Amino acid sequence: MLTFRKKNMNKIILLLITLLLLNCKSEQLKGEENNFAIAIHGGAGTILKQNMTPEQESEYRNTLEKAIRTGHDVLKNGGTSLEAVQKAIIVMEDSPLFNAGKGAVFTNEGKNELDASIMDGKTLKAGAVAGVTVVKNPIVLAYTIMEKSPHVMLTNKGAEAFAKEQGLEIVDPSYFYTEKAFKALEKVKNKEKEKDSKFGTVGCVALDKYGNLAAGTSTGGMTNKKWNRVGDSPIIGAGTYANNKTCAVSSTGWGEFFIRATVAHDISAMMEYKKLKVNQATKEAINKVANLGGDGGVIAIDKKGNISFDFNTAGMYRASIDKSGKLYIGMYKE
Ligand code: ASP
């Protein structure tokens, strides 16, 4: 009696294992068929496990997962990489966790001045905005500048007037206030910190089902910035670049160095002219930034959907869903 039961039990277990393996195989096959992929970052800087509570860590993880899944769903449903980039970035702009949109850092005068840019790898069209104070989602404004104006970049009051004309969502400047960002300004001003050691810009790169690449970046800039300082994030070729021939890139870090090293375009150029692979090109670009004395990170995706993350800071908030549908979320060095 007992051996009979045991035998049956063994059969059932065997059947279950077979079913499980078959399921994995079909998931894998499904994954192999995908020709789209996406990656995001939520800024690079002094992101150390020992400085994070488990609650903070899961807050970041959850928001990164929400953003990457939002972008990925767009691609899965046949949307374009430009749409996916915007949708993923909007999730992070609307979160107080990141230095973009709600949660943006403060200028020396106690204001929030936002920068963003977006680029279409298919047409090499681009849109960028710098120094806006009332536009809820600067990434949408960058996209609207690309699509609805004859220009690539608009700044300050003019950009805000254009946003209003185009019916974009306008908020009171107080919307961007968060205690965390305000305290960071006080710390830097009181010289408790030389510079902002945790950046928090957001960015996204994506490859859609149609083989088109896109990249976007959005930021509040750097804490305590003065004189309408503008960093790399809205500069095409520094903070953002996309070209179907090579890759799509979004940068984050100490913007002055990223401008001087023309990081985003340099990665594309190294792939085009030196035939480097995407991960080799991102590594070399970050080395160039480091050699100048700067720090930060990049995310890039090539025309085949290969994803690369690179940074010379302690950490970088990041996530991806690759062509096989595999989700990855990271914060620290591995
Ligand atoms: N790159 C941004 C800037 O310099 C800051 C950041 O990435 O956090 O404005």
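Described in the following lines is the structure provided in the data block. (Residues numbered from 1 in each chain as written. Predicted model: local features only at pLDDT ≥ 70, side-chain atom pairs only at ≥ 80, totals over all residues. Heavy atoms only, no water.)

**Side note on the packing of aromatic side chains**
Part 1 of the reasoning: A complete count under the given rule lists nine aromatic pairs for this structure.
Part 2 of the reasoning: Taking the centre distance of 6.1 Å and the plane angle of 85 degrees together, the rings of Phe-98 and Tyr-317 count as edge-to-face. Here Phe-98, found in the loop between helix 3 (81-93) and strand 2 (114-120), pairs with Tyr-317, found in strand 11 (residues 315-321); they are 219 residues apart in sequence, far enough to count as distant.
Part 3 of the reasoning: Overall, the relative accessible area of 1% leaves Phe-98 in the buried class.
Part 4 of the reasoning: The interplanar angle of 45 degrees and the centroid separation of 5.7 Å between the aromatic rings of Tyr-177 and Phe-182 together place this pair among those described as tilted.
Part 5 of the reasoning: For Tyr-177, a relative accessible area of 40% corresponds to the partly exposed category.
Part 6 of the reasoning: The partly exposed category is assigned to Phe-182, whose relative accessible area is 27%.
Part 7 of the reasoning: Put simply, the rings of Tyr-60, Phe-98 and Tyr-317 touch in pairs and so form one group of aromatic residues.
Part 8 of the reasoning: Here the guanidinium or amino end of Lys-102 rests over the ring plane of Tyr-175, the centre of that ring lying 5.2 Å away. (Phe/Tyr/Trp six-rings, centres within 6.5 Å; stacked < 30°, edge-to-face > 60°. Helix = DSSP H or I, 4+ residues; strand = E, 2+ residues; numbered from the N terminus. Buried < 20%, exposed > 50% of the residue type's maximum accessible area, 1.4 Å probe, protein only. Lys NZ or Arg CZ within 6 Å of the ring centre and 35° of its normal.)

**Quick notes on the site of the ligand**
Part 1 of the reasoning: Around the ligand, the structure places Phe-199, Gly-200, Thr-201, Gly-221, Met-222, Arg-229, Gly-231, Asp-232, Ser-233, Thr-252, Gly-253 and Gly-255.
Part 2 of the reasoning: Between the ligand and the protein, one listed contact pairs a nitrogen atom with a side-chain N or O atom of Asp-232 at 2.6 Å.
Part 3 of the reasoning: Here a nitrogen atom of the ligand sits 2.7 Å away from a polar atom, N or O, in the main chain of Gly-253.
Part 4 of the reasoning: Protein contacts shield 100% of the accessible area of the ligand, which totals 270 Å² for the unbound molecule. (Near = heavy atom within 4 Å. Polar contact = N/O pair within 3.5 Å; in protein donor to acceptor, adjacent residues only side chain to side chain. Areas by Shrake-Rupley, 256 points an atom, 1.4 Å probe, with all protein chains shown as cover.)

**A word on empty space enclosed by the protein**
Part 1 of the reasoning: For the coordinates displayed, the defined rule picks out one cavity of 30 Å³ or more.
Part 2 of the reasoning: Estimated volume of the largest cavity: approximately 80 Å³.
Part 3 of the reasoning: Classifying every residue of the lining of the largest cavity by side-chain character gives two nonpolar, eight polar and three charged. (1 Å grid on protein atoms, 1.4 Å probe; cavity = no way out; pocket = protein on both sides within 12 Å on 5 of 7 lines; lining within 4 Å. Points joined across faces, edges and corners; volume = space filled by probe spheres on them. Nonpolar A, V, L, I, M, F, W, Y, C, P; charged D, E, K, R; others polar.)

**Considerations on the sheet that holds strand 11**
Part 1 of the reasoning: The eight strands are arranged 4-3-2-6-5-1-11-12 in an open sheet whose pairing can be described as mixed. In this open sheet, the two edge strands, each paired with only one partner strand, are strand 4 (153-155) and strand 12 (327-332). The average angle at which neighbouring strand axes cross in this sheet is 5 degrees, direction not considered.
Part 2 of the reasoning: Bridge count for strand 1 (residues 37-45) against strand 5 (residues 202-207) is five bridges, and the pairing is antiparallel. From the neighbouring strand, Ile-38 faces strand 5, where its bridge partner is Ala-206.
Part 3 of the reasoning: Most of the contacts of helix 2 (residues 54-76) go to strand 12, to which it runs at about 145 degrees, and overall it touches strand 1, strand 5, strand 11 and strand 12.
Part 4 of the reasoning: Where helix 3 meets the sheet, its contacts fall on strand 1, strand 2, strand 5 and strand 6 (213-219), and the angle it forms with strand 5 comes to roughly 155 degrees. (Pairing = 2+ DSSP bridges. Axes fitted to C-alpha atoms, helices over the stretch in contact; angles between N-to-C directions. Contact = heavy atoms within 4.5 Å.)

**Examining a positive patch on the surface**
Part 1 of the reasoning: Together, Lys-275, Lys-303, Lys-304 and Lys-323 line one region of the surface with positive charge.
Part 2 of the reasoning: Structurally, Lys-303 can be placed in the loop between strand 9 (296-302) and strand 10 (307-311).
Part 3 of the reasoning: Its relative accessible area of 47% is what places Lys-303 among the partly exposed residues. (Patch = residues over 30% accessible without salt bridge, like charges linked within 9 Å, V, L, I, M, F, W, Y side chains within 5 Å. Salt bridge = Lys/Arg side-chain N within 4 Å of Asp/Glu carboxyl O. Lys, Arg positive; Asp, Glu negative; His and termini not counted. Charge placed at Lys NZ, Arg CZ, Asp CG, Glu CD.)

**With respect to the nonpolar core**
Note that soluble globular proteins tend to have their nonpolar side chains buried in a common cluster.
Part 1 of the reasoning: With 50 residues, the main nonpolar core has Ile-38, Ile-40, Leu-64, Phe-98, Val-129, Leu-141 and Tyr-317 as its most contacted residues.
Part 2 of the reasoning: The dominant element in this core, judged by the number of residues it contributes, is helix 3, at seven residues.
Part 3 of the reasoning: Membership of the second largest hydrophobic core comes to 35 residues, among which are Ala-44, Ala-215, Val-249 and Ile-299. (Core = buried A, V, L, I, M, F, W, Y, C linked by side-chain atoms within 4.5 Å.)

**A closer look at the packing of helix 3 against helix 4 (residues 138-148)**
Packed helix pairs are specified by the crossing angle of their axes together with the interaxial distance, meaning the distance between the axes.
Part 1 of the reasoning: Helix 4 packs onto helix 3 with a crossing angle of 150 degrees between their chain directions and a minimal axis gap of 8 Å. Relative to helix 4, the element helix 3 is oriented roughly antiparallel. The segment helix 3 lies against helix 4, with Leu-82, Gln-86, Ile-89, Ile-90 and Glu-93 engaging Pro-138, Ile-139, Val-140, Tyr-143 and Met-146.
Part 2 of the reasoning: Class assignment of the residues belonging to the contact of helix 3 with helix 4 gives a composition of eight nonpolar, one polar and one charged. (Parallel < 35°, antiparallel > 145°, perpendicular 65-115°, else oblique.)

**Examining the packing of helix 2 against helix 3**
Part 1 of the reasoning: Contact geometry of helix 2 with helix 3 gives a least axis separation of 8 Å together with a crossing angle of 160 degrees. The orientation of helix 2 relative to helix 3 falls into the category roughly antiparallel. Crossing hand, helix 2 versus helix 3: right-handed. Note on element contacts: helix 3 touches helix 2 through Ser-81, Glu-83, Ala-84, Lys-87, Ala-88, Val-91 and Met-92, opposite Thr-63, Leu-64, Lys-66, Ala-67, Thr-70, Gly-71, Val-74 and Leu-75.
Part 2 of the reasoning: Residue composition of the contact of helix 2 with helix 3, grouped by class: eight nonpolar, four polar and three charged. (Left-handed = near helix turned anticlockwise from the far one by under 90°.)

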